[in-house]
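Overview (structure and organization)
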Amino acid sequence: MTLIFEEKWDRTIADKDRKRIQEIYEENSIQEGKLQFVPIRVAFNHRNELLASVCILNGMGDWKLDDRLLSYFENNRLVATERFTHKLTVPSHSAVPWTFIFPPETMIRQASLKNWSIS
């Protein structure tokens, strides 16, 4: 099991954030046959886009983000849905940190940025 930083992340991530992601990786084991999105941080940017950073834990075969419909939930209630077309691949039995960006038009209700998940 390996923690992998995508090339752009690896070049630009702050040491403090790298350490936090490493801690999250060490605290959450990859489970055989499961794909998990472990929350790291959530915020709005200056364009009012919702930025949801997670550590993707892949206990299955290679997982590709390309053309994947994902949703952001708070308290198990749908807040936003977006189709992601990035060419990210999370190799089998590895973990990759990633930020999903949900534009304002994808949100069906205002986000509180609490008790959230991605699926």
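Residues numbered from 1 in each chain as written. Predicted model: local features only at pLDDT ≥ 70, side-chain atom pairs only at ≥ 80, totals over all residues. Heavy atoms only, no water.

Quick look at the packing of aromatic side chains
Short version of the rule: Here is the rule: rings of Phe, Tyr and Trp (six-membered ring for Trp) pair when centre to centre is within 6.5 Å. Planes less than 30 degrees apart are stacked, more than 60 are edge-to-face, and the remainder are tilted. Secondary structure elements follow DSSP: runs of H or I no shorter than four residues count as helices, runs of E no shorter than two count as strands, and numbering proceeds from the N terminus. Classification of residues uses two cut-offs on accessible area relative to the type maximum, computed with a 1.4 Å probe and protein chains only: under 20% is buried, over 50% is exposed, and between them is partly exposed.
Evaluated as defined, the whole model comprises six aromatic pairs. On the basis of an interplanar angle of 75° and a centroid distance of 5.9 Å, the ring pair of Phe37 and Phe100 is categorised as edge-to-face. Placement of Phe37 in strand 2 (residues 35–44) and of Phe100 in strand 8 (residues 94–102) is noted, with a sequence separation of 63 residues between them. Per residue, the accessibility class of Phe37 equals that of Phe100, and both read buried. An angle of 65° between the planes, with centres 5.0 Å apart, marks the rings of Phe84 and Phe100 as edge-to-face. Taken together, the residues Phe84 in strand 6 (residues 77–84) and Phe100 in strand 8 connect sequence positions 16 residues apart. Both residues of the pair, Phe84 and Phe100, count as buried.

Some points on the nonpolar core
Definition in use: Side-chain atoms within 4.5 Å are what join buried Ala, Val, Leu, Ile, Met, Phe, Trp, Tyr and Cys residues into a set we call a nonpolar core.
In this structure, Ile56, Tyr72, Phe100, Phe102 and Ile118 are the most contacted members of the largest nonpolar core, which totals 36 residues. At the level of elements, helix 2 (15–27), strand 2, strand 3 (50–58), strand 5 (68–74), strand 6, strand 8 and strand 9 (116–118) are the ones that each hand at least two residues to this core. It is strand 3 that provides the largest number of residues to this core, a total of six residues.

Quick notes on the layout of surface pockets
Counted only if it meets this: With a 1 Å grid spanning the protein atoms alone, the term cavity applies to any set of points in which a 1.4 Å probe fits but cannot get out, the term pocket to an open set with protein on both sides within 12 Å along at least five of seven lines, and the term lining residue to any residue with an atom within 4 Å of a point. Grid points are joined across faces, edges and corners, and a volume is the space filled by probe spheres set on the points. Each residue receives one of three labels: charged for Asp, Glu, Lys and Arg, nonpolar for Ala, Val, Leu, Ile, Met, Phe, Trp, Tyr, Cys and Pro, and polar for the others, Gly being one of them.
Size it by volume and the largest pocket reaches roughly 310 Å³. Elements with a contribution of two residues or more to the lining of the largest pocket: helix 1 (7–12), helix 2, strand 2, strand 3 and strand 8. For the lining of the largest pocket, the residue count by class is eight nonpolar, four polar and five charged.

A short note on the sheet that holds strand 9
Condition: DSSP bridges decide pairing: two strands pair if at least two such bridges lie between them. Angles shown run from 0 to 180 degrees and are taken between the N-to-C directions of axes, each axis being a line fitted to C-alpha atoms and, for helices, limited to the stretch in contact.
Pairing in this open sheet of three strands is antiparallel, and the strands run 6-5-9 from one edge to the other. Looking at the sheet topology across the chains shown, the edges are occupied by strand 6 and strand 9. On average, each strand axis in the sheet is tilted by 15° relative to the strand beside it, whichever way the strands run. Where strand 5 lies against strand 9, three bridges are found, and the strand directions are antiparallel. In the strand pairing of strand 9, Tyr72 is matched with Ile118.

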